[in-house]
Amino acid sequence: MSSQTSSHKPRVAVVFGGRSSEHAISVLTAGAVLRAIDRDKYDVLPIGITTDGRWALTADDPERMAIADRRLPSVAELAESAEGGVVLPVDPTNREVVYTEPGTVPKALGEVDVVFPVLHGPYGEDGTLQGLLELSGVPYVGSGVLASAVGQDKDYMKRVFTSFGLPVGPYEVIRPREWDNDPAAARKKIVDFAAEHGWPLFVKPARAGSSIGITKVDDLAGLDEAVEEARRHDPKILVEALLRGREIECGVLEFADGPRASVPAEIPPVSAHDFYDFEAKYIDSADGIVPAPLSAEETAKVQELAVAAFEAASCEGLVRADFFLQDNGEFVINEINTLPGFTPISMYPRMWQESGVSYPELIDRLLQAALQRSTGLR
């Protein structure tokens, strides 16, 4: 960490955008985070990653990082230059961030004390950025390489949960070579799964989020189209059985004495949508119920499971855990999200607000925890 005097404010690089299909959601999250950071306590350097992977210097302008007339924002619109790039040295002895443009002398942007990655999906939330920051020796908010990778890949996430005795729903995985080399056999695998667990099924990318690429399939006629839609986002796909019950979410936040769970929230059925899909989440702004109308026993159980999932995957900092409360009264873990959205309508900050941790305090707590945590093995 760069030397700090009493007058030195930690410098936070808010890194957002990225190459995944969740690019726009990351921009929305960055806008909300930039609004919330205490500028009296932190210096801020916004860095956007374009959809083709260029690290761009962007304006510190949260108002431009919002949905306007149902149109999603992008880093390309926020970048100060169409060609300039930001470079973070892969050298733990040097925190100097450099900005370069073709034909000009590189310009030093100063040292960075901590990175707040608000990237969602592959190439940011999946351990790749975390690995870069580990090599650079720069502290960062959130989980490390392994937990980030496990949290991104729903296949291995469920395997980890199962190994720890946590409840998951029925699922099947179709790997890239299976569909590429013998689609008939892969299709039969799904049909056999449907014969055992019934239609409808959910077909989804194994390593995507924000409900992108998910299709509810009611019968065999829609299967191939659903598979191809999921494979547009990830060559590995997940097929899940329909779980009948209520959608419950719970936030986990790491405190000095360990992780704690927030009050849970409920995602009610959205009448205009088949399920809680991308449009329902971000365009039509489906409202969650916070706190969820659960009994004291149900609340305690889902909080216990959320913390257990956090620990099972070796998470750090924060997690949003998503569950189904089935009609038989049992909870099933659907997934965890190691970098949940921080948009104004996102459930994670809303749950912590209801739990007594305000949005600015939540951001500050995450940054302070990251500053106190070393990189490397820990």
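Scroll up to find the structure this text is about.
Because the structure is a prediction, the values reported are computed rather than measured. (Residues numbered from 1 in each chain as written. Predicted model: local features only at pLDDT ≥ 70, side-chain atom pairs only at ≥ 80, totals over all residues. Heavy atoms only, no water.)

S.K.: Outline the overall build of the protein chain, listing residues and values.
M.R.: When helices and strands are counted, the protein chain shows 12 helices and 16 strands. Taking the principal axes of its C-alpha atoms as reference, the protein chain extends roughly 65 × 50 × 45 Å. Classification of the 378 residues of the protein chain by burial places 54% in the buried group. At a minimum sequence separation of 6, the contacts of the protein chain that also span at least 24 residues come to 66%. When the accessible surface of the protein chain is summed, it comes to about 16,100 Å², and 50% of that surface belongs to carbon and sulfur atoms. (Helix = DSSP H or I, 4+ residues; strand = E, 2+ residues; numbered from the N terminus. Buried < 20%, exposed > 50% of the residue type's maximum accessible area, 1.4 Å probe, protein only. Contact = heavy atoms within 4.5 Å. Areas by Shrake-Rupley, 256 points an atom, 1.4 Å probe, with all protein chains shown as cover.)

S.K.: Residues and numbers for the nonpolar core, please.
M.R.: Ranked by internal contacts, the top residues of the largest apolar core, which has 36 residues, are Val-14, Phe-16, Phe-116, Phe-342 and Ile-363. Sorting the residues of this core by element identifies strand S1 (11-17), helix H1 (23-36), helix H2 (75-78), strand S7 (114-117), strand S12 (245-255), helix H11 (347-354) and helix H12 (359-372) as the ones contributing at least two each. By residue number, the principal contributor to this core is H12, which donates seven residues. Among the nonpolar cores identified, the runner-up in size contains 25 residues, and Ala-309, Val-319, Phe-323 and Leu-325 belong to it. (Core = buried A, V, L, I, M, F, W, Y, C linked by side-chain atoms within 4.5 Å.)

S.K.: Describe the packing of helix H4 (residues 145-152) against helix H5 (residues 154-163), and please don't skip the residues or the numbers.
M.R.: Two elements in contact, H4 and H5, have axes separated by 5 Å at closest approach and are oriented at 105 degrees. Judged by the inter-axis angle, H4 sits roughly perpendicular to H5. Residue-level contacts link Val-150, Gly-151 and Gln-152 of H4 to Lys-154, Tyr-156, Met-157 and Val-160 of H5. (Axes fitted to C-alpha atoms, helices over the stretch in contact; angles between N-to-C directions. Parallel < 35°, antiparallel > 145°, perpendicular 65-115°, else oblique.)

S.K.: Break down the environment of Val-90 for me, with residues and values.
M.R.: Within the secondary structure, Val-90 sits in the loop between strand S4 (85-87) and strand S5 (96-100). When the C-alpha positions of Val-90 and Leu-132 are compared, they lie 7.2 Å apart, and in sequence the two are 42 residues distant. Ignoring any residue separated from it by four or fewer positions in sequence, one finds Val-90 in contact with Leu-132, Leu-135 and Ser-136.

S.K.: How would you summarise the sheet that holds S1 if you had to cite specific residues and measurements?
M.R.: Ordered by their spatial adjacency, four strands build an open sheet running S3-S2-S1-S7, and the pairing between neighbours is mixed. Two strands in the sheet have a free side with no partner beyond their single neighbour: strand S3 (55-57) and S7. Mean inter-strand twist for the sheet, computed between neighbouring axes without regard to direction, equals 30 degrees. Here S1 runs beside strand S2 (residues 43-49); their pairing, made up of seven bridges, is parallel. Residue pairing for S2: Val-15 is matched across the bridge by Ile-47. (Pairing = 2+ DSSP bridges.)

S.K.: For H1, give the residues involved together with the corresponding values.
M.R.: Look at H1: 20 Å from first C-alpha to last across 14 residues, which is about the 20 Å you get at 1.5 Å a residue. Counting buried residues in H1 gives 13 out of 14 residues, a clear majority hidden from the surface. (Expected span 1.5 Å × (residues − 1).)

S.K.: How would you explain the pattern of salt bridges if you had to name every residue and give the values?
M.R.: Throughout the structure, instances matching the rule amount to 28 salt bridges. Across the salt bridge formed by Lys-189 and Glu-172, the nearest N and O atoms sit 3.7 Å from each other. Taken together, the residues span a long stretch of sequence, with Lys-189 in helix H7 (residues 183-197) and Glu-172 in strand S8 (residues 171-174) at a distance of 17 residues. Since its relative accessible area comes to 25%, Lys-189 is described here as partly exposed. Residue classification places Glu-172 among the partly exposed positions, given a relative accessible area of 23%. Look at the salt bridges and you will find they share partners, linking Glu-134, Glu-254, Glu-316, Arg-373 and Arg-378 into a network. (Salt bridge = Lys/Arg side-chain N within 4 Å of Asp/Glu carboxyl O.)

S.K.: Tell me what's going on with the sheet that holds strand S6 (residues 107-111), and back it up with residues and numbers.
M.R.: Spatially, the three strands line up as an open sheet ordered S4-S5-S6, and their pairing is antiparallel. Unpaired on one side and paired on the other, S4 and S6 mark the two borders of the sheet. Averaged over all adjacent pairs, the angle separating strand axes in this sheet is 25 degrees, with direction ignored.

S.K.: Describe the packing of aromatic side chains, with residues and values.
M.R.: For the structure on display, the rule yields five aromatic pairs. On the basis of an interplanar angle of 90 degrees and a centroid distance of 6.2 Å, the ring pair of Phe-116 and Phe-342 is categorised as edge-to-face. Taken together, the residues Phe-116 in strand S7 and Phe-342 in the loop between strand S16 (331-337) and H11 connect sequence positions 226 residues apart. Each of the two residues, Phe-116 as well as Phe-342, counts as buried. Cluster of aromatic residues (ring-pair linked, three or more members): Phe-116, Phe-342, Tyr-348 and Tyr-359. It is Arg-159 that lies over the ring of Tyr-156; its NZ or CZ is 5.7 Å from the centre. (Phe/Tyr/Trp six-rings, centres within 6.5 Å; stacked < 30°, edge-to-face > 60°. Lys NZ or Arg CZ within 6 Å of the ring centre and 35° of its normal.)

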